[in-house]
Amino acid sequence: DYLKLCQGLFSTYLTKEVDILESSPTLNVSFQAKSRSYGYYTGAEMRKLVCHFATLDGWKKWVFLLLAYTGARRSEIAKLKVSDVRLDEDSQRHYIMIGDSKTEAGIRQVPISQRLINMGFLDYLFPEITNTSQVTRLFHAIREQLGIDYLDDYRNRRIVHSLRHTFVTEIQAKHTLTLVQQTIGHEHSNQGQTK
């Protein structure tokens with residue numbers, strides 16, 4: 001991240017915009033980052049988290065329950081509006097229409113669990129969440145309060161995004177790869193992050 005920041009400063013600003021440098025000192029500099037996989041939560045940990053989420057009020061309750069039950073990204077849930085919750089007339093099932101995504105595959109319909117509907121989700125009106133960091137901070141506090149470790153047994157970090165990772169891990173055992181990719185917004189292929 002620091003290298004990217006410096007490359008942007010040197011090559012874009014100091015070289016091209018204000019013409020102070022002839023060439024960027026970060027030209028041809030690279031760094032091979034070791035990407036650590038996200039950990040996932042066990043069934044017992046997810047039950048503990050979901051039970052706690054259900055005790056919260058307002059956006060705190062629904063953001064975390066939606067993250068746990070849909071596998072959507074934090075930013076996708078934080079941007080939801082009432083008009084994004086829709087009913088499929090043919091199946092009589094409710095879904096969330098995620099229309100704002102960085103990729104074409106990310107634009108998708110995500111089914112809403114009947115359990116969330118039974119808990120009153122359809123009565124909830126979405127406020128605007130302007131800072132997704134508040135979601136992250138609250139989640140970390142909840143995880144610590146429940147005594148769930150930050151690292152899993154394999155030393156993978158478990159953060160808000162780990163709810164998505166856990167969702168994917170669980171549904172892959174029960175559904176076809178194409179359906180999983182369609183639900184979580186990945187390109188349809190036999191490779192990549194979902195595989």
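Computed from a prediction, not measured in an experiment: that's the story for all the values here.

Now for the sheet that holds strand β1 (residues 85-88). Taking strand neighbours across the sheet as the criterion, the three strands line up as β1-β2-β3 in an open arrangement whose pairing is antiparallel. For this open sheet the edge positions go to β1 and β3 (108-111), each flanked by a neighbour on one side alone. The mean angle between the axes of side-by-side strands here comes to 45 degrees, regardless of whether they run parallel or antiparallel.

With that out of the way, let us pick up the pairing of β3. The side chains of a regular strand alternate, residue by residue, between the two faces of the sheet. The alternating pattern of β3 places R108 and V110 on a buried face, while none of Q109 and P111, on the opposite face, is buried. Two elements, strand β2 (residues 93-98) and β3, share four bridges in a ladder whose sense is antiparallel. Bridging from a neighbouring strand, I96 pairs with V110 of β3.

Time to look at the packing of aromatic side chains. As enumerated under the stated definition, the model contains six aromatic pairs in all. Here F53 and F139 contribute two aromatic rings whose centre-to-centre distance is 6.3 Å and whose plane-to-plane angle is 50 degrees, an arrangement assigned as tilted. Taken as a pair, F53 in helix α2 (residues 43-55) and F139 in helix α6 (residues 133-145) lie far apart in primary sequence, 86 residues in all.

To continue, consider helix α8 (residues 177-184). Within α8 the residues assigned to the buried category are L177, V180, Q181, T183 and I184. All buried residues of α8 lie within an arc of 165 degrees about the axis, which places them on one face of the element. Buried residues along α8 sit against α3 (58-70), β3 and α7 (161-172). One or two positions beyond α8, positive phi appears at G185, with a value near 85 degrees.

Attention shifts here to the side chain of T183. Position of T183 relative to the elements: it lies in helix α8. The exposure class of T183 is buried, given its relative accessible area of 13%. Discounting chain neighbours no more than four positions away, the residues touching T183 are T70, R108, V110, P111 and F167.

Now for the pattern of salt bridges. Applying the stated rule across the entire model yields five salt bridges. For R108, the salt bridge goes to E76, with nearest N and O atoms at 2.7 Å. Taken together, the residues R108 in strand β3 and E76 in helix α4 (residues 74-78) connect sequence positions 32 residues apart. No difference in accessibility class separates R108 from E76, as the two residues are buried. The salt bridge partner of D100 is K79, with a shortest N-O separation of 3.2 Å.

Parameters and conventions
- Residues numbered from 1 in each chain as written.
- Predicted model: local features only at pLDDT ≥ 70, side-chain atom pairs only at ≥ 80, totals over all residues.
- Heavy atoms only, no water.
- Pairing = 2+ DSSP bridges.
- Helix = DSSP H or I, 4+ residues; strand = E, 2+ residues; numbered from the N terminus.
- Axes fitted to C-alpha atoms, helices over the stretch in contact; angles between N-to-C directions.
- Buried < 20%, exposed > 50% of the residue type's maximum accessible area, 1.4 Å probe, protein only.
- Phe/Tyr/Trp six-rings, centres within 6.5 Å; stacked < 30°, edge-to-face > 60°.
- Arc of directions from axis to C-beta.
- Contact = heavy atoms within 4.5 Å.
- Salt bridge = Lys/Arg side-chain N within 4 Å of Asp/Glu carboxyl O.

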